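Residue strings, one per chain:
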Amino acid sequence: MDDREVLVVGAGPTGLAAACQLVRWGVRVRVLDAAAGPFVGSRGKGLQPRTLELLDGFGVAGRLIATGRFQLAIRQYAADGSFVDQDRLPGAEPTPASPYARSMIVPQWRVEETLREMLAESCVEVQWGAEVVGLEQRADGVTAVLADGARVGASYLVACDGGSSAIRRLLGVPFLGETDEDIRMLVGDVVLDGLDRDHWHMFQGSAGRWVALCPLPATDSFQLQSTLRPGEPEEPSLPVFQSIVDGAVGVGRVRLRRATWMSRWRLNVRMVNRYRVDRVFLAGDAAHVHSPTGGQGMNTGIQDAVNLGWKLAHVLGGAGPALLDSYEAERLPVAAGVLKLSSELLGVGFGNRGELGTEALQLGINYRGGPLAGLGSDGGSAAGPQAGDRAPDAPLLAPDGRRVRLFELLRGPHWTLVGFDRVPVRPAGPVHVVAVGPDLVDDGGQARETYGAAPGELVLIRPDGYIGIRSTDAGAVDAYLRALGVPALSAGPVAV
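Residues numbered from 1 in each chain as written. Predicted model: local features only at pLDDT ≥ 70, side-chain atom pairs only at ≥ 80, totals over all residues. Heavy atoms only, no water.

Here we look at the packing of aromatic side chains
- Across all of its chains, the model carries eleven aromatic pairs by this definition.
- A ring pair is formed by Tyr275 and Tyr327, whose centres lie 5.3 Å apart and whose planes are at 65°; its orientation type is edge-to-face. Of this pair, Tyr275 sits in the loop between β16 (255–272) and β17 (276–277) while Tyr327 sits in helix α8 (residues 325–346), placing them 52 residues apart in sequence.
- For Tyr275, a relative accessible area of 0% translates into the label buried. (Phe/Tyr/Trp six-rings, centres within 6.5 Å; stacked < 30°, edge-to-face > 60°. Helix = DSSP H or I, 4+ residues; strand = E, 2+ residues; numbered from the N terminus. Buried < 20%, exposed > 50% of the residue type's maximum accessible area, 1.4 Å probe, protein only.)

Here it is in structure tokens:
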């Protein structure tokens, strides 16, 4: 038995994000993965703006941005070799409220590497080659049985072990949906000669074959994607990839030198009907899989993890266990929406996707109407984001004259109470106070405008960057926190 409070099964982006979120709150964590070592492929190669905002809250977005790329035109080739360049989101630029306006291309392995490094800074290492083959639950905890006979106990378990989740099968949770055998692809990472790295190259080859080659920033590789025709072999190899590229581009024009990762894919659109079974929670691909179009999978999984992590930490710190029920209530509808969106995107080209492309940025995801949206609230201002909405960014001026973003003040494991033109009394618990007006100067008026804030209004922002309550009554804020049973966890001052 192990004395870790939470066991995370699966060391992909979802599992690592869950572990990072928990460690930040001081929770003891153990991370297991059945694989022999870290994943080496690009697979999910796009981080959406909302995910970058949450990783900014972790303090690691800068590391990823340094090796990623926001602007990459799609170059679409016709059969005669002519081409047209397209911008997926024409005119999209950062704003004071949304510092990330586009999805960022970065290979999945680098996202995982960055999160593992963050965990290592807290002395948490992934235990590789640890396959879970059994599961036992009891009133006060859960035990995972490993293939080697070892038994690992914890207060809770978070299953982030992918679309073929062993934990989901052990729980008997159905994976509802369908597999479409007619929609198949080969995908891999290749090093090649013959294409520039300033475009995402897409070819429409013979007999309807579609081939895409996307340069992976800060590497020497491209991600190759190709549809498969009926009856074609599904086993990827470098010769198979070369043949596919020759057929789309022309023999001898692009030479593949080596492949570092190769895989096959078929369309699965599935999700669970519950995210929790007693002390076990499902997250990421273990709970939902869908079309890769729109880059939704890895992002939705990371956001599952961030939502669940602070709630587990609060319950382990003394909050009522009912807080954990809000995980499924908030995230299951999001997964259903993502499945719908990714299916719609499957039938749309890779250029400008209009409103669907904007929706894929995930900035509009909200928990309005959910169990945590505005408990005991008097509603506050009718303008601006409401309880359950994403809390936007805003530029402010610190007392010493330094520019500071509101997102910087949200970093760290805490709630944030923003007072407009008043200094809020700090409630009990892990709550930091930000006073816009008395302390931090809203010199451009953008914070007040973005939030639609009335003088004296309070906005309580959850640890995952969503608004919990808006009110002019400090008592309503206290009542909200008491209703959630937020424990008096340790919290330091806001650094400005």
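Things to note about the sheet that holds strand β12 (residues 175–193)
- If you walk across this open sheet you meet the eight strands as β5-β4-β13-β14-β15-β12-β16-β19, and the pairing is mixed. Unpaired on one side and paired on the other, β5 (83–86) and β19 (288–289) mark the two borders of the sheet.
- As paired elements, strand β4 (residues 73–77) and β5 share four bridges and run antiparallel to each other. Across the sheet, the residue bridging to Tyr77 is Phe83, located in β5.
- Here helix α6 (residues 238–249) sits on the sheet in contact with β12, β13 (199–204), β14 (210–215), β15 (222–227) and β16, set at roughly 90° to β16. (Pairing = 2+ DSSP bridges. Contact = heavy atoms within 4.5 Å. Axes fitted to C-alpha atoms, helices over the stretch in contact; angles between N-to-C directions.)

Comments concerning helix α1 (residues 13–24)
- Compared with an ideal rise of 1.5 Å per residue, which puts twelve residues at 16 Å, α1 spans 16 Å between its outermost C-alpha atoms and is within 8% of the ideal.
- Burial runs high along α1: twelve of the twelve residues are buried.
- Within the span of α1, buried status applies to Pro13, Thr14, Gly15, Leu16, Ala17, Ala18, Ala19, Cys20, Gln21, Leu22, Val23 and Arg24.
- Where α1 terminates, the next one or two residues include Gly26, which has phi positive at roughly 85°. (Expected span 1.5 Å × (residues − 1).)

Some points on the pattern of salt bridges
- Summed over the entire model, instances satisfying the criterion amount to 28 salt bridges.
- Among the salt bridges present, the one from Glu53 reaches Arg390, with a minimum N-O distance of 2.8 Å. One end of the pair, Glu53, is in helix α2 (residues 49–58); the other, Arg390, is in the loop between α9 (354–359) and β20 (395–397), and 337 residues separate them in sequence.
- Residue Glu53 is classed as buried on the basis of its relative accessible area, which comes to 5%.
- Residue Asp87 pairs with Arg102 through a salt bridge whose shortest N-O separation is 2.8 Å. Remark: Arg102 occurs in the loop between β5 and β6 (104–105) and Asp87 occurs in the loop between β5 and β6; sequence separation between them is 15 residues.
- Classification of Arg102 by relative accessible area gives buried; the value is 9%.
- A single salt-bridge network, built from bridges that share partners, covers Asp56, Asp393, Arg405 and Arg411. (Salt bridge = Lys/Arg side-chain N within 4 Å of Asp/Glu carboxyl O.)

Function cannot be read off these values alone, since they describe shape.
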